[in-house]
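Chain by chain, the residues run as shown.
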Amino acid sequence: MASNLRVFARRLGSGTVNKPIYLQEKYSNFVPRPLSADDLLLFADKNSVEKSFEFLKQELPTRWMQTFAEINALPIEKPSPLMLEVKNMIQETLENLLPFADQPATENVISKFNSKLEDYIHRHRTAVDEVALAILEFKDEQLEMAEKGLTTFDLDDAEEKVHYFLDRYFTTLVSTNLIIHQHLLILGMNSDRQKRETVQRTNVTKEIRKIALKIETECKKYYGKSPSVKITEFDMGKATNDSQINTIFIPSHLEQICAELIRNAVRATVENNPDLPPVEIIISRANDNVTIKISDKGKGASLREQAKWGAYLYTKPPEQSTSKMPLVEPLAGYGYGIPLAAVYARYLGGDVVIQSLQNYGTDVVIYLPSNAKDLIEVLPVFTAKTKEYYNSQSRKKTWITGKSSEKGDIVFDS
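Since we're looking at a predicted model, the values are computed, not measured.

> Tell me about the nonpolar core, and name the residues and values.
Counting residues in hydrophobic clusters, the biggest one holds 99 residues, and the most contacted among them are Y169, F170, I292 and I294. With 14 residues, helix 8 (residues 155-187) is the single largest residue contributor to this core. Apart from residues no more than four positions distant in its own chain, F170 is found in contact with V128, V131, Y312, Y336, L340 and V343.

> Tell me about the pairing of strand 6 (residues 289-299), and name the residues and values.
Where strand 5 (residues 279-285) and strand 6 come together, 6 bridges link them in antiparallel fashion. Of the residues in strand 6, the one forming a bridge with S284 is T291. Taking the residues that link successive antiparallel strands as the turn, the strand 5-strand 6 hairpin has 3 residues. Summarising the sheet, strand 6 and strand 8 (residues 360-369) pair through 9 bridges and their orientation is antiparallel.

> Help me get a handle on unusual backbone geometry, residues and values and all.
Despite not being glycine, K299 shows a phi value in the positive range, around 80°. Among the secondary structure elements, K299 is positioned in strand 6. A relative accessible area of 35% places K299 in the partly exposed class. A positive phi is found at N359, a non-glycine position, where the angle reads about 70°. Here N359 is to be found in the loop between strand 7 (351-357) and strand 8. Owing to a relative accessible area of 62%, N359 belongs among the exposed residues under this scheme.

> Provide a residue-level description of the pattern of salt bridges, including the pertinent values.
Within this structure, the stated rule accounts for 17 salt bridges. We note a salt bridge from E207 to K210, for which the minimum N-O separation is 3.9 Å. You can see E207 and its partner K210 sitting in helix 10 (residues 204-223), 3 residues apart, about one turn around the helix. What makes E207 buried here is its relative accessible area of 11%. Between D363 and K293 there is a salt bridge, with its nearest N and O atoms 4.0 Å apart. Here D363 is found in strand 8, whereas its partner K293 is found in strand 6, with 70 residues between them in sequence. Several salt bridges share partner residues, and in doing so they unite R196, E207, K210 and E255 into one network.

> Account for the sheet that holds strand 2 (residues 229-235), with residues named and values stated.
Taken in spatial order, the 6 strands make up an open sheet running 3-2-5-6-8-7, and their pairing is mixed. A strand with exactly one partner marks an edge of an open sheet, and here the two such strands are strand 3 (238-240) and strand 7. Pairs of neighbouring strands in the sheet enclose a mean axial angle of 20°, with direction left out of account. Sitting on the sheet, helix 11 (residues 251-272) is in contact with strand 2, strand 5, strand 6, strand 7 and strand 8, with an inclination near 20° to strand 6.

> Before we move on, could you go through the environment of N287 and cite the residues and values that matter?
Looking at the element boundaries, N287 is found in the loop between strand 5 and strand 6. Residue N287 is classed as exposed on the basis of its relative accessible area, which comes to 56%. The spacing of N287 and N371 is 84 residues in sequence and 8.0 Å in space, taken between C-alpha atoms. Residues contacting N287, with those up to four places away along its chain left out, are M236, S370 and N371.

About the thresholds
- Residues numbered from 1 in each chain as written.
- Predicted model: local features only at pLDDT ≥ 70, side-chain atom pairs only at ≥ 80, totals over all residues.
- Heavy atoms only, no water.
- Core = buried A, V, L, I, M, F, W, Y, C linked by side-chain atoms within 4.5 Å.
- Buried < 20%, exposed > 50% of the residue type's maximum accessible area, 1.4 Å probe, protein only.
- Helix = DSSP H or I, 4+ residues; strand = E, 2+ residues; numbered from the N terminus.
- Contact = heavy atoms within 4.5 Å.
- Pairing = 2+ DSSP bridges.
- Salt bridge = Lys/Arg side-chain N within 4 Å of Asp/Glu carboxyl O.
- Axes fitted to C-alpha atoms, helices over the stretch in contact; angles between N-to-C directions.

Following this line, the structure appears as structure tokens:
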């Protein structure tokens, strides 16, 4: 990490901003500053472009420097071309942002900074897909080498560390996108689509109805049929049907969480239950949480299969489309739907819990804090222990079973 950061320092020192310092020493003393939804709303209300700039010029490189250090700590001797592209994308982001760290909040500087933020949004718009492809490329290469006897590759052990890194990487991506869009909101530079990326009062019921209708349409195009999606509301314990479950949240985040999970429920139903029973959604607002429960009768899964649902390195492709329409998108992508939904929910203090009954169906429960003061960022921090974890060997089993773990039987770790 030190050599990479010194390269940054030399590059920046030769640019428009003279910085004869080693950025490692500076940023190693910084940790990300988690914000609450209240903080973000207050920033927007005060409409202080200068204060927002002062915060972002330090916070954005701080958050990405943590991730850059982490990606350098990954124990991968020969990164694949796609993995190098992801790393270069982070490096380019830092090189664009760091020159502003010591600049005053003048109109000209802020204008240039805003231009870099728009470049950032454009650069990272396909980051999830690029990372997914990079990890799949890494997985395929490792499995191929293992088959040839050139290396030992344990998919479960790899999943553990890949999952740890990707959760943290995606959290940084989600969090930096949010604070950038909040800044652009103050400037009035957001499009209607970009405004959905900011903290605001959100009608949960209307958002989910819109998502469900879209997925039903997608399903009919792909499979030629679709189960209906039934939505029921409870507001402070009382049944209601007036679509008035509101809370402070980010509409695009709600869509990211719910769309993938509703899509999974619809797909499971149409592929496994010819009777096409409806997917049922319950939305309940209470004092502490807005809770969304998605239930399907798509035959569920065993405990072992469920363990793979939340993983990044396991995915099951959808059945072949029966549609005669060209270019119909499948109802599954890289297998990141469930873990990404969990990242978005946990980022602001929520969670996603899944329970499945084999040969019956699955319940997914999404918990979101219902108060703005409780919507607080949960951010990764790179430390020596993080590096130690990546370099550690496979954990030794501290429980034992008479079954063979080589056959995929469950063996508990400490």
